Amino acid sequence: MAKFTVLNHPLIQHKLTIIRNKDTGTKVFREVANEIAELMVYEITRDLAMEDITIETPMGSAVEKQLSGKKLAVVPILRAGLGMVDGVLKLIPAAKVGHIGMYRDEKTLQPHEYFVKLPPDIDQRQLFIVDPMLATGGSAIMAIDALKKRGATSMRLVVLVAAPEGVKAVQDAHPDVDIYAAGLDDRLNEDGYIVPGLGDAGDRLFGTK
Ligand SMILES: O=c1ccn([C@@H]2O[C@H](COP(=O)(O)O)[C@@H](O)[C@H]2O)c(=O)[nH]1
Ligand SMILES: O=P(O)(O)OP(=O)(O)O
Ligand SMILES: [Mg+2]
């Protein structure tokens, strides 16, 4: 069974409260969503593989650490996932970026894929799939399916707010994909929105609707 972890660092929790607030406008929402993504990635990369390397400092030779293992990539689920990419890239500027476009049918809540563009060596990379909201889990499950179909083997799902229903659905469908959230909320409402949540993340990020 995949792990589900809520990152309850005080800075993450404080910033999540800011973007939950309905009075927070587009500019601040965008900035703070990226700040949370940055803090989350800092927390979840603690276990990245390291290796020793011998370097020359101005004072002589030293054996020091550098990252080893798989290269990284970030994969936002469009549109809303775009709101986390800059935050991730601030810490991992060399990461490649893949895109998966998906929208949820408002009535059926079923996800529909409309775009996939990935780095060619996706099978060699550790992926951070980002989407602010894990609601029914349908979008994340379909995105992970799309990535696996193209050879990806190493993935983590990073969301700002998760609903229990979505966490269970992803864990059942993809027990090999660990999930990280800034908050775990109570439930979904009848329209498939997370309560209390923060509303429609894509609309709040881009000022639509
Ligand atoms: O409160 C919410 C719930 C969902 N979204 C958007 O929907 C998808 C995730 O929905 P699933 O039901 O898990 O497929 C997510 O990409 C968000 O864009 C939302 O914004 N707010
Ligand atoms: O999942 P949706 O339908 O809310 O898509 P978007 O992220 O484009 O708002
Ligand atoms: Mg949306």
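Let us look at the structure shown here. Just so you know, these numbers come straight off a predicted model, no measurement behind them.

## Regarding the coordination of the magnesium ion (ligand 3)
Distances from the magnesium ion (ligand 3) to its protein donors, namely D200 (OD) and D200 (OD), fall within the range 2.5 to 2.7 Å. As for its position among the elements, D200 is in the loop between β13 (194-195) and α6 (201-206).

## Focus on the site of ligand 2
Around ligand 2, the surrounding shell consists of L78, R79, A80, M102, Y103, R104, D200 and G202. A distance of 2.8 Å is found between an oxygen atom of ligand 2 and a side-chain nitrogen or oxygen belonging to R79. A80 places a polar main-chain atom, nitrogen or oxygen, 3.1 Å from an oxygen atom of ligand 2. Considered on its own, ligand 2 offers 270 Å² of accessible surface; in the complex 77% of this is hidden by protein.

## Regarding helix α3 (residues 82-91)
One full turn of an α-helix is made of 3.6 residues, so residues set three or four places apart face in the same direction. Burial in α3 covers these residues: G83, M84, V85, G87 and V88. Structurally, α3 contributes buried residues whose contacts are with α2 (26-44), β4 (71-78), β5 (96-97), β8 (125-130), β10 (154-162) and α6.

## A word on the environment of E31
Within the fold, E31 resides in helix α2. Along the backbone, E31 and L89 are 58 residues apart, and their C-alpha atoms lie at a distance of 14 Å.

## Re the packing of helix α1 (residues 10-20) against α2
It is the contact of α1 with α2, at a shortest axis distance of 9 Å, that shows an interaxial angle of 155 degrees. The orientation of α1 relative to α2 falls into the category roughly antiparallel. Like other packed secondary-structure pairs, α1 and α2 cross with a definite hand, here left-handed. When α1 is examined against α2, the residues L11, I12, K15, L16, I18 and I19 are found in contact with a partner set consisting of V28, F29, V32, A33, E35, I36, L39, M40 and E43.

Calculation rules
Residues numbered from 1 in each chain as written. Chains lettered and ligands numbered in written order. Predicted model: local features only at pLDDT ≥ 70, side-chain atom pairs only at ≥ 80, totals over all residues. Heavy atoms only, no water. Donors = N, O, S within 2.8 Å, 3.2 Å for Na, K, Ca; no water. Helix = DSSP H or I, 4+ residues; strand = E, 2+ residues; numbered from the N terminus. Near = heavy atom within 4 Å. Polar contact = N/O pair within 3.5 Å; in protein donor to acceptor, adjacent residues only side chain to side chain. Areas by Shrake-Rupley, 256 points an atom, 1.4 Å probe, with all protein chains shown as cover. Buried < 20%, exposed > 50% of the residue type's maximum accessible area, 1.4 Å probe, protein only. Contact = heavy atoms within 4.5 Å. Axes fitted to C-alpha atoms, helices over the stretch in contact; angles between N-to-C directions. Parallel < 35°, antiparallel > 145°, perpendicular 65-115°, else oblique. Left-handed = near helix turned anticlockwise from the far one by under 90°.

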